[in-house]
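# Remarks on the overall topology
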Amino acid sequence: MPIFKAKVVLEALKERSTVEELARKYEVHPNQIHHLKKEFLSNASSVFSSGESLSEEKKRFEEEKERLYAQIGQQKVEIDWLKKKLQ
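To keep things clear, this report deals only with the structure shown in the data block. Since the structure is predicted, the reported quantities are computational estimates derived from the model, not experimental observations.

The rules behind each value
Residues numbered from 1 in each chain as written. Predicted model: local features only at pLDDT ≥ 70, side-chain atom pairs only at ≥ 80, totals over all residues. Heavy atoms only, no water. Axes fitted to C-alpha atoms, helices over the stretch in contact; angles between N-to-C directions. Helix = DSSP H or I, 4+ residues; strand = E, 2+ residues; numbered from the N terminus. Parallel < 35°, antiparallel > 145°, perpendicular 65-115°, else oblique. Left-handed = near helix turned anticlockwise from the far one by under 90°. Contact = heavy atoms within 4.5 Å. Nonpolar A, V, L, I, M, F, W, Y, C, P; charged D, E, K, R; others polar. Patch = residues over 30% accessible without salt bridge, like charges linked within 9 Å, V, L, I, M, F, W, Y side chains within 5 Å. Areas by Shrake-Rupley, 256 points an atom, 1.4 Å probe, with all protein chains shown as cover. Salt bridge = Lys/Arg side-chain N within 4 Å of Asp/Glu carboxyl O. Buried < 20%, exposed > 50% of the residue type's maximum accessible area, 1.4 Å probe, protein only. Phe/Tyr/Trp six-rings, centres within 6.5 Å; stacked < 30°, edge-to-face > 60°.

### Quick look at the packing of helix α1 (residues 2–14) against helix α2 (residues 19–26)
It is the contact of α1 with α2, at a shortest axis distance of 10 Å, that shows an interaxial angle of 155°. For the element pair α1 / α2, the angle class is roughly antiparallel. Where α1 crosses over α2, the handedness of that crossing is right-handed. Contacts from F4, K7, V8, E11 and A12 of α1 reach α2 at L22, K25 and Y26. Taken together, the residues that form the contact of α1 with α2 break down as five nonpolar, no polar and three charged.

If you want it as structure tokens, here you go:
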């Protein structure tokens, strides 16, 4: 799917065809092409960013994910305890 999206966006950026023509060609809604183009352009600078900043961001996401899983586990323990108390 990412390859398809990139193909559509790159063709839209070439501006050799109208968005409506591309929408018919790729069987998507014209608004979707506009959205993909906007998203691509807003994230284009990340292509040239160093690998370190991407790995730092990935590390932050992993830490946040672990924190959230721990919180979910704690809440499950508390809910199970409360259920036993109510019985």
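Don't stop here, the text continues.
### What about a nonpolar patch on the surface?
There is a patch of nonpolar side chains on the surface, built from L10, L13, F40 and L41 and spanning about 340 Å² of accessible area. Among the secondary structure elements, those contributing two or more residues to the nonpolar patch are α1 and α3 (30–43). In this structure, L41 sits in helix α3. A relative accessible area of 49% means that L41 is categorised as partly exposed.

### Some thoughts on the environment of V28
Counting through the fold element by element, V28 comes out in the loop between α2 and α3. Along the chain, V28 and V8 lie 20 residues apart, while their C-alpha atoms are 9.8 Å from each other. Beyond its immediate chain neighbours, meaning those up to four positions away, V28 contacts F4, A23 and I33.

### Structural notes on the pattern of salt bridges
Within the structure shown, the criterion is met by five salt bridges. A salt bridge links E11 to K25, with the nearest nitrogen and oxygen atoms 3.0 Å apart. A residue pair is termed long-range when its members are at least 10 positions apart, and E11 in helix α1 and K25 in helix α2 qualify at 14 residues. A relative accessible area of 52% means that K25 is categorised as exposed. Put simply, K76 and D80 hold a salt bridge, and the shortest N to O gap is 3.2 Å. Here the residue K76 and the residue D80 both occupy positions in helix α4 (residues 51–86), the gap between them amounting to four residues, near one helical turn.

### Comments concerning the packing of aromatic side chains
Counted by the stated rule, this structure contains one aromatic pair. On the numbers, 5.7 Å between centres and 75° between planes, the contact of F4 with Y26 is edge-to-face. Remark: Y26 occurs in helix α2 and F4 occurs in helix α1; sequence separation between them is 22 residues. According to the relative accessible area criterion, Y26 is buried, its value standing at 12%.

So yeah, pure geometry; function would need other evidence.
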